[in-house]
Protein chains: 2
Amino acid sequence: MELKTRIVKSAELKNSIIKRLYFDKALSCADLSEVLEKSVPSVSKAITELIEEGFVMEQGYAPSSGGRRPLMYCLQPSAMYIVTVAMDQLSTRIQMLDLHNNPIAETVMTELKLFNNPKALPLLIEYINDYIDASGVARDKIVGIGIGMPGFIDSAKGFNYTYLDSAGQSLTELIAEKTGAPVYIANDSSLIAIAEQKFGIAKNHRDVMVINLGWGIGLGMIVNGELYSGHSGFAGEFSHIPLFDDGALCTCGKRGCLEAEASMLVVAEKAIQGIKDGHISSLKHTDKDPYKVVGNAIMEAANNGDQFAIELLSDAGYKIGKALAILIHIMNPESIVLSGRGAIVGKILLAPIQQALTKYCIPRLVSSTELLISALGFNAELIGTAVLVMENFDKDNKNQSLTTKQLSMEKTSKN
Amino acid sequence: MELKTRIVKSAELKNSIIKRLYFDKALSCADLSEVLEKSVPSVSKAITELIEEGFVMEQGYAPSSGGRRPLMYCLQPSAMYIVTVAMDQLSTRIQMLDLHNNPIAETVMTELKLFNNPKALPLLIEYINDYIDASGVARDKIVGIGIGMPGFIDSAKGFNYTYLDSAGQSLTELIAEKTGAPVYIANDSSLIAIAEQKFGIAKNHRDVMVINLGWGIGLGMIVNGELYSGHSGFAGEFSHIPLFDDGALCTCGKRGCLEAEASMLVVAEKAIQGIKDGHISSLKHTDKDPYKVVGNAIMEAANNGDQFAIELLSDAGYKIGKALAILIHIMNPESIVLSGRGAIVGKILLAPIQQALTKYCIPRLVSSTELLISALGFNAELIGTAVLVMENFDKDNKNQSLTTKQLSMEKTSKN
DNA sequence: AGCACTTATTAAAAAAATTTAAAAAGTATA
DNA sequence: TATACTTTTTAAATTTTTTTAATAAGTGCT
């Protein structure tokens, strides 16, 4: 017992060094000392140990800033791996990343319907286990499994109230038990948000709103530098705010929701109707095409200059802009990021959004918020999932390869 | 130099003990140890010193929870004082509180027009200095001066972009220089929010939205347990979100703002018009009455059962409810508090607000947010201002009565 | 090229904080 | 009423962390 707490204490610093290096890629001893508010000798000692344990490696010297050049340290990429899972209503992607966020194998994409599918959860667990087995990575080398999923999610308790019914048991606990690695879940839009804030276009912004433009319209919020999920994890229900009097009927049962007026699904619907009504367009449509195919076609056509497609997207953009005006008034963020699938037509949406902001916002507020377009694209959710895992790295005590060994030695020598 | 950091370190713990005791009134050594995450001996030693220095006193024993009764400590109320200033467009209140939040003298209220008044700032400084002088309290016994004011405020930098022009200099620095005590400023609605969360009906709630119902409609936000002010301090501009298509013209120049439809000022206007049009009501009105008198009369009449007044307030309440629906969707708060002057008709507003929420909110979201009515009333802003000062207590190094003495001794003995 | 000035790393000394153990003060129960 | 069990407080020993000082490595100017 005596040694336990001591080791845990010292492991605390080591874990926060690992976490820091994951986010900042390469730091000197002095940098780490400053950012972690620990003395240089403490950090230096911890780093030496981390190198011995194989978690950290030297990366070379950084340019001098007027004195001795600092020796930079980075993570040993193959020291541990992160399993990232990104789900949507129809399909699930699984990937494994090393500590430099590089994929170590092909992303596997599988059909997995969430709606009304009692088999979804056991299948998900099976797919994850198969993927890990196929990768050949040992379970104790897995930092954690991060899963992004749609639905009303309580990250802290590990529940999804919309999909993947787990009969009252915590999803995270259940999956962790069956896979042998710690599990973290979060809403897909939240994950895109932390991806943009840690490794994307809004890097290090303290207050960011990330719009997940997809078949629905999601919102991930970074507030005071950290993810905000609300009292019960439902914050960011942006797409169902009452925005238009007597608007279109929404799937949620109400009228005038943003989603029912401006989501890609609605744009696709309008396109199909428009073509039927004889609109001139490069778009071709057979009634059998699912909305998603149409949606992708519209975005592509718009980027190629198709006037009808641009018109449809502009209309949606203006409505999104009105909603963003509300968001800006309430949150006064440093930046708003257009992310998700829709980000590829971000440039087209920019003008009508800006137009709506000018109309509906107090000038001082618009000018203090930057409107950005994601560059992370389709990868955002996977990266966000990895961030989710690493964010929790120093909370749950992970780096125990050494700790546990020493502990058991201690115990045997005492008994 | 050598000793300096050491003393500052030990003072850090003492300061956080003082801060903690300010908020929690009375705690045992064990409580403090747990909440501050410091060992019992460290805390015990710090408390002994704080008692010697006159900051802390014993308060007696708390009931046992199955073992030795804990000795409770509280702040020596007269050890230090907080100056609180609450401003609105027309008048300014000044008060001094001891460390138990008890006023040590009458609140002084002075006429002080903010709009278009270049003399406002020097007058404010004069009033504060006069008040402190009259109180007989020495400057070095003043923890700080907290000032709540309307306008677009950047608390961190100390600017008010709407009133009290300080020619590019930081307001807080300027006033601090002229008064000889640290100064903190914040938006009035923000202060009401922290008052409600620390000492009011939303005590210890992590995520709270506080609606400041007054002549305008303000919003103070507590997010992840702390005040959220946005990237440039403008968060919570609730009253100018675009809510109604083609609504009434607002002072901000736009149409359809909540403030232009549901503030007490608008209710008063409607009442005057309604009486002219022959509505039956206990309200009597002469054209000379300013809106504020009418507004107060309406609230009183409504509380006495006047049907016309209730109708007017209900109408406003429904519109506020629609705006709150938006807020709930975005923030998913633990509670929403109706505070400010309008809180006295809170019960009347409750029904129409709830009605609007039911119509415009996703059911799961409404049911996870509590709607509360403030009990702090007119005092909320003054209390919030005191909280603002004490919130910063451990950041800026205050408790130096001992520190500075030891430092100078050290210096002389070394030189 | 040499000198003054920065910056980074390492090692030894000093200080601070925590753990451990023990005593004190109560409660609940047989 | 004595005994077992809790909880708080105090004191001593140990660990951890930070200072301090010394060394190493570079920059930039004269």
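From a predicted model like this one, the values you see are computed outputs, not experimental measurements.

Draft legend 1. Highlighting the overall build of chain A. Across its full length, chain A carries 14 helices and 15 strands. The C-alpha atoms of chain A give a radius of gyration of 24 Å, which matches the 22 Å a tight globule of 415 residues would have. With respect to the principal axes defined by its C-alpha atoms, chain A has extents near 85 × 55 × 35 Å. Per-residue burial over chain A gives 55% buried out of 415 residues. Carbon and sulfur atoms make up 51% of the accessible area of chain A, which amounts to about 18,500 Å² in all. Between the averaged position of the 39 positive side-chain charges in chain A and that of its 46 negative side-chain charges there is a distance of 3 Å.

Draft legend 2. Structural detail: the domain arrangement of chain A. Domain parsing of chain A yields domain 1 (2-76), domain 2 (80-192 + 380-391) and domain 3 (203-375). Computed from C-alpha atoms alone, the centre-to-centre distance between domain 1 of chain A and domain 3 of chain A is 42 Å.

Draft legend 3. The side chain of lysine 14 of chain B, seen in detail. All names here are of chain B. In this structure, lysine 14 sits in helix α1 (residues 2-24). Overall, the relative accessible area of 3% leaves lysine 14 in the buried class. Only 2.6 Å separates the side chain of lysine 14 from the side chain of glutamate 53, close enough to count as a polar contact.

Draft legend 4. Just the pattern of salt bridges, in detail. All names here are of chain A. Under the criterion given, the structure shown has 18 salt bridges over all chains. The residue lysine 14 makes a salt bridge to glutamate 49 at a minimum N-O spacing of 2.7 Å. Of this pair, lysine 14 sits in helix α1 (residues 2-24) while glutamate 49 sits in helix α3 (residues 40-53), and the two are 35 residues apart along the sequence. In this structure, a network of salt bridges that share partners links the residues Glu261, Lys270, Asp315 and Lys319.

Draft legend 5. Structural context of the sheet that holds strand β13 (residues 226-228) of chain A. All names here are of chain A. Spatial ordering of the open sheet is given by β13-β12-β11-β14-β15, a layout of five strands whose pairing is mixed. Each edge of the open sheet carries a strand with a single partner, namely β13 and β15 (370-373). Averaged over all pairs of adjacent strands, the angle between strand axes in this sheet comes to 25°, irrespective of strand direction. Pairing between strand β14 (residues 335-339) and β15: four bridges, direction parallel. Looking at β15, one finds that leucine 338 is bridged to isoleucine 373.

Draft legend 6. Summary view of the relation of the copies chain B and chain A. Superposing chain B onto chain A takes a rotation of 180° plus a shift of 0.0 Å along the axis, which leaves an RMSD of 0.1 Å. Seen this way, the second copy is the image of the first under a two-fold rotation axis. Residue by residue, 100% of the interface of chain B is reproduced at the interface of chain A, so both copies engage with the same surface.

Draft legend 7. Molecular detail of the packing of helix α8 (residues 264-276) of chain B against helix α9 (residues 291-303) of chain B. All names here are of chain B. Where α8 meets α9, the closest approach of the two axes is 9 Å, and the angle between their N-to-C directions is 85°. Comparing the axis directions of α8 and α9 gives the class roughly perpendicular. Residues Met264, Leu265, Val267, Ala268, Glu269, Ala271 and Ile272 of α8 form the contact with α9, whose participating residues are Tyr291, Val294, Gly295, Ile298 and Met299. Here the contact of α8 with α9 is composed, by residue class, of ten nonpolar, one polar and one charged.

Draft legend 8. Region of the structure containing the interface of chain B and chain A. Listed per partner, the contact involves 40 residues of chain B and 40 residues of chain A. At the boundary of chain B with chain A, total buried surface from both sides reaches about 3,600 Å², with 63% on carbon and sulfur atoms. Linking chain B with chain A are zero salt bridges, by the criterion used here. Put simply, chain B and chain A have 22 residue pairs in polar contact (both at pLDDT 80 or more) between them. Those elements giving two or more residues to the side of chain B that touches chain A turn out to be β12 (217-223), β13 (226-228), α10 (307-331), α11 (346-360) and α12 (363-367) of chain B. Of the residues belonging to the side of chain B that touches chain A, the class tally is 20 nonpolar, eleven polar and nine charged.

Draft legend 9. The packing of aromatic side chains, seen in detail. Residues and elements named next belong to chain A. In this structure the tally under the stated criterion is 14 aromatic pairs over all chains. Seen from their ring centres, phenylalanine 159 and tyrosine 161 are 6.0 Å apart, and the 25° between their planes marks the pair as stacked. In this structure an aromatic cluster arises from ring pairing among Phe152, Phe159, Tyr161 and Phe234. Above the face of the tyrosine 22 ring, lysine 25 is positioned so that its terminal group lies 5.9 Å from the ring centre. The ring of phenylalanine 378 is capped by arginine 93, whose NZ or CZ atom sits 3.7 Å from the centre of that ring.

Draft legend 10. Highlighting the pairing of strand β7 (residues 142-149) of chain B. Residues and elements named next belong to chain B. Counting buried residues in β7 gives eight out of eight residues, a clear majority hidden from the surface. Strand direction decides the pairing type here: strand β4 (residues 81-87) and β7, joined by six bridges, are parallel. In the sheet register, valine 85 faces β7, and the bridge partner there is isoleucine 147. Pairing of β7 with strand β10 (residues 183-187), which is carried by five bridges, proceeds in the parallel orientation. Paired with isoleucine 147 across the strands is isoleucine 185, a residue of β10.

Draft legend 11. Representation of the sheet that holds strand β2 (residues 56-61) of chain A within the structure. All names here are of chain A. Spatially, the three strands line up as an open sheet ordered β1-β3-β2, and their pairing is antiparallel. Each end of this open sheet is capped by a strand with a single partner; those strands are β1 (27-28) and β2. By the bridge criterion, two bridges tie β1 to strand β3 (residues 71-75) in an arrangement that is antiparallel. From the neighbouring strand, serine 28 faces β3, where its bridge partner is methionine 72.

Draft legend 12. How the structure looks around the environment of leucine 312 of chain A. Residues and elements named next belong to chain A. Counting through the fold element by element, leucine 312 comes out in helix α10 (residues 307-331). Each C-alpha atom of the pair leucine 312 and threonine 385 lies 32 Å from the other, and the pair is 73 residues apart in sequence. The contact partners of leucine 312, leaving out residues within four places of it in the chain, are Val267, Lys270 and Ala271.

Draft legend 13. Main features of the confidence of the model for chain A. Residues and elements named next belong to chain A. Model confidence for chain A is summarised by a mean pLDDT of 86, while 91% of its residues fall at 70 or above. Confidence over residues 1-7 falls short of pLDDT 50; this stretch has five contacts with residues more than four positions distant or in other chains. Long-range and interchain partners of residues 399-415, a stretch whose pLDDT sits below 50, account for 18 contacts in this model, where long-range means more than four residues apart.

Draft legend 14. Quick look at the packing of helix α2 (residues 29-36) of chain A against α3 of chain A. Residues and elements named next belong to chain A. α3 packs onto α2 with a crossing angle of 120° between their chain directions and a minimal axis gap of 9 Å. With respect to each other, α2 and α3 are oriented oblique. In this structure, α2 crosses over α3, and the sense of that crossing is right-handed. Together, Cys29, Leu32 and Ser33 of α2 and Val40, Val43, Ser44 and Ile47 of α3 make up the contact between the two elements.

Quick notes on the rules
Residues numbered from 1 in each chain as written. Chains lettered and ligands numbered in written order. Predicted model: local features only at pLDDT ≥ 70, side-chain atom pairs only at ≥ 80, totals over all residues. Heavy atoms only, no water. Helix = DSSP H or I, 4+ residues; strand = E, 2+ residues; numbered from the N terminus. Rg over C-alpha atoms; globule rule 2.2 N^0.38 Å. Buried < 20%, exposed > 50% of the residue type's maximum accessible area, 1.4 Å probe, protein only. Areas by Shrake-Rupley, 256 points an atom, 1.4 Å probe, with all protein chains shown as cover. Lys, Arg positive; Asp, Glu negative; His and termini not counted. Charge placed at Lys NZ, Arg CZ, Asp CG, Glu CD. Domains from an automatic or database assignment. Polar contact = N/O pair within 3.5 Å; in protein donor to acceptor, adjacent residues only side chain to side chain. Salt bridge = Lys/Arg side-chain N within 4 Å of Asp/Glu carboxyl O. Pairing = 2+ DSSP bridges. Axes fitted to C-alpha atoms, helices over the stretch in contact; angles between N-to-C directions. Least-squares fit on C-alpha atoms with pLDDT ≥ 70 in both. Contact = heavy atoms within 4.5 Å. Parallel < 35°, antiparallel > 145°, perpendicular 65-115°, else oblique. Nonpolar A, V, L, I, M, F, W, Y, C, P; charged D, E, K, R; others polar. Buried area = accessible area lost by both parts, 1.4 Å probe. Phe/Tyr/Trp six-rings, centres within 6.5 Å; stacked < 30°, edge-to-face > 60°. Lys NZ or Arg CZ within 6 Å of the ring centre and 35° of its normal. pLDDT = per-residue confidence, 0-100. Left-handed = near helix turned anticlockwise from the far one by under 90°.

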